[in-house]
Amino acid sequence: MTELLIINGERVSASDGGTFEVFDPSTGELLATVAKATKADVARAVAAAHAAMDSKTWGGLAPAERGRIMNRIAQAIRDRAEELATLESRDNGKPLRQARTDVQVAARYFEFFAGIADKIMGNTIPLGPGFLDFTVREPIGVSAQIVPWNYPIQIGARGVAPALAAGCAVVLKPSSEAPMTALRLGEIGLACGLPPGALNVIPGTGSEAGVALASHPDINQLTFTGSVDVGIGVAKMAAENVVPVVMELGGKSPNVVFADADFDLAAAGVANAIFQNAGQTCSAGSRLLIESKAHDAFVAKLVERANAMRVGPGVSDPDMGPIISKKQLETVERYVGVGAGEGAKVAAGGVRPTDPGLGKGYYFQPTLLDRVTPDMRVAQEEIFGPVLAMIEFDDIEQAVEIANRSQYGLVSGIWTRDINKAMSLASRIKAGQVYINTYGAGGGVELPFGGYKKSGYGREKGLESLASYTQVKNVCIKYT
Ligand code: NAD
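Model, not experiment: these values are computed from the prediction. (Residues numbered from 1 in each chain as written. Predicted model: local features only at pLDDT ≥ 70, side-chain atom pairs only at ≥ 80, totals over all residues. Heavy atoms only, no water.)

Side note on the packing of helix α4 (residues 96-114) against helix α5 (residues 152-165)
Viewed as axis vectors pointing N to C, α4 and α5 meet at an angle of 5°, and their least axial separation amounts to 9 Å. In terms of orientation, α4 lies roughly parallel with respect to α5. Residues D102, V103, V105, A106, Y109, F110 and F113 of α4 lie in contact with α5, whose contacting residues are I153, Q154, A157, R158, V160, A161, P162, L164 and A165. Along the lines of polarity and charge, the residues of the contact of α4 with α5 split into 13 nonpolar, one polar and two charged. (Axes fitted to C-alpha atoms, helices over the stretch in contact; angles between N-to-C directions. Helix = DSSP H or I, 4+ residues; strand = E, 2+ residues; numbered from the N terminus. Parallel < 35°, antiparallel > 145°, perpendicular 65-115°, else oblique. Contact = heavy atoms within 4.5 Å. Nonpolar A, V, L, I, M, F, W, Y, C, P; charged D, E, K, R; others polar.)

Now the structure itself:
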């Protein structure tokens, strides 16, 4: 059975009847056949979203009622958590418990933003006698959202929830690598009372549906989450129509570990930051900056952890699942070769697992590259796999310099018992988020998230994200 698009509240085939196949990266087996949105489908979805904005059932709805619908969506996601987590695990390959966390985080996005729907307020501005001036934050309109395959339900909810809370209508284009849970989100939205057109879900390729959506003249805002090169192209298309964009791009985030850190805490945090989702995380802590005098002791701890990790099919709930595709697996493998060629030493992993039971999936072992220097390609380029580049530093000045010697600036972690050192570094690191003695915070729904430099611009998550989905209207009244 083909999974259909969701446009204007209906499940529909693609305009030309086209489909694409989705595979389970744990086994290489077919998971689903999905309708492939065309340019005409994108146009239908955008038109449906505008109709919803103009309707009494969505555009005319009281904000509190929007919040009620969103709370129902949060509850429905929780009610279907196990089914959604299993589907996410099969679609993306991630271990079941990570998929369960992702589903809970998705529910939390709807809950968090449900509470805000009726609290999006403007200001009054004092102009003196005879004037009343106030601002209103109006929904920006139709939000186009293009998302990647690595956290489909979480990143889907991350953009959809604030947009709906603000009163926008959404056209969501999931990645063709892992589109399944975005479709479930669309179904759940309808079942919970979203009117037709408020949330349209149109899986398809980047080159057709993605381009058609990014360049559509009638979208009012675009949220893009993906790679830098594609993001630049998308931003250019949006610029042609003067459409504002949120760019959530890649990273090469550093975890800076000082010799006075709690090593057990730091090793657990550093390992999780790179091996979660098999390293296919925009905010992966893919560079370790380790103080030289602590190098041997800390690296030994990491090697022990990496070697103990169980790699296997997502639904068997291993420590680490497969890479999303054969192509991506080959990229990861190639990068390990590049690192070795540049002089890095493989301290753990570096190869595919030998277990013949894993032969059909796209597995790679948790990999530690030691003796990396800051300008090596493996220290500069986003690998998007379970490969940690480990670099030594001698003092805080050098740590800052190396941490910032990157085109990216998404997230960073600092591990030390010295609050002065931590705060000094936190203020000087160029990254959108800084964590001290932790890395990530339970999904971080409440915390503004986004990049410095080529990691992007605009902020998702938290109250900050509402700025992207609203526009300010100033009303000035003169009275006598
Ligand atoms: P990608 O850039 O290849 O694709 C992202 C989305 O864009 C997909 O839906 C894809 O179909 C679509 N797309 C592809 N070409 C397009 C085009 N020409 N026009 C319009 N849309 C197009 O990225 P990916 O491989 O899916 O995801 C991995 C990348 O995403 C990594 O670089 C990662 O760091 C980044 N990412 C960033 C964040 C963040 O929040 N900053 C989160 C997750 C992933």
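There is more to say after this.
A few points about the layout of surface pockets
Here the largest pocket defines a volume of roughly 1,200 Å³. Lining of the largest pocket is provided by 40 residues; of these, W149, G226, S227, V230 and Q328 occupy positions nearest its centre. Elements with a contribution of two residues or more to the lining of the largest pocket: α7 (206-214), β10 (221-225), α8 (228-240) and α11 (326-342). Across the lining of the largest pocket, the residue classes tally to 17 nonpolar, 15 polar and eight charged. (1 Å grid on protein atoms, 1.4 Å probe; cavity = no way out; pocket = protein on both sides within 12 Å on 5 of 7 lines; lining within 4 Å. Points joined across faces, edges and corners; volume = space filled by probe spheres on them.)

Here's the deal with the pairing of β10
Among the five residues in β10, five count as buried, and that is most of the element. Where burial is concerned, the two faces of β10 agree: the one with Q221, T223 and T225 and the one with L222 and F224 are both buried. The sheet contact formed by strand β7 (residues 142-146) and β10 spans four bridges and is parallel. Directly across from A144, in β10, lies its bridge partner L222. Pairing analysis gives four bridges linking β10 to strand β11 (residues 245-248), with the strands arranged parallel. Note on β11: the bridge partner recorded for T225 is E248. For the segment spanning β10, α8 and β11, crossover handedness is right-handed. (Buried < 20%, exposed > 50% of the residue type's maximum accessible area, 1.4 Å probe, protein only. Pairing = 2+ DSSP bridges. Right-handed = clockwise from strand over helix to strand, strands pointing away.)

Let's talk about the nonpolar core
The tendency in soluble globular proteins is for nonpolar side chains to be buried side by side. If you look at the biggest cluster of nonpolar residues, it comprises 95 residues, and the most contacted ones within it are W58, I77, F110, F113 and L222. For this core, the element with the highest residue contribution is α4, accounting for eleven residues. The residues contacting L222, other than those within four sequence positions of it, are A144, I146, A214, V234, A238, V243, P244, V245 and V246. Formed by 66 residues, the second largest nonpolar core is a distinct cluster that contains V257, A284, Y439 and F449. (Core = buried A, V, L, I, M, F, W, Y, C linked by side-chain atoms within 4.5 Å.)

With respect to the sheet that holds strand β1 (residues 2-3)
Pairing is mixed in the open sheet, where three strands are placed in the order β1-β5-β4. Either end of the sheet is taken by a strand with one partner, and the two such strands are β1 and β4 (19-24). As paired strands, β1 and strand β5 (residues 29-35) are joined by two bridges and run parallel to one another. Note on β5: the bridge partner recorded for E3 is V34. Most of the contacts of helix α3 (residues 81-92) go to β4, to which it runs at about 95°, and overall it touches β4 and β5.

Quick look at the packing of α3 against helix α6 (residues 180-191)
Packing of α3 against α6 brings their axes to within 9 Å, and their N-to-C directions diverge by 155°. With respect to α6, the axis of α3 lies roughly antiparallel. Between α3 and α6, the residues in contact are E83, L84, L87, E88 and D91 and M180, T181, R184 and I188, respectively. Tallied by class, residues from the contact of α3 with α6 come to four nonpolar, one polar and four charged.

Some details on the sheet that holds strand β12 (residues 254-257)
Read from one edge to the other, the open sheet built from seven strands follows the order β14-β15-β16-β13-β12-β18-β19, with strand pairing classed as mixed. Either end of the sheet is taken by a strand with one partner, and the two such strands are β14 (345-348) and β19 (433-436). Pairwise comparison of adjacent strand axes, ignoring direction, gives a mean angle of 25° for this sheet. Sheet strands in contact with helix α14 (residues 419-428) are β12, β18 (411-415) and β19, and its direction is about 170° off that of β19.

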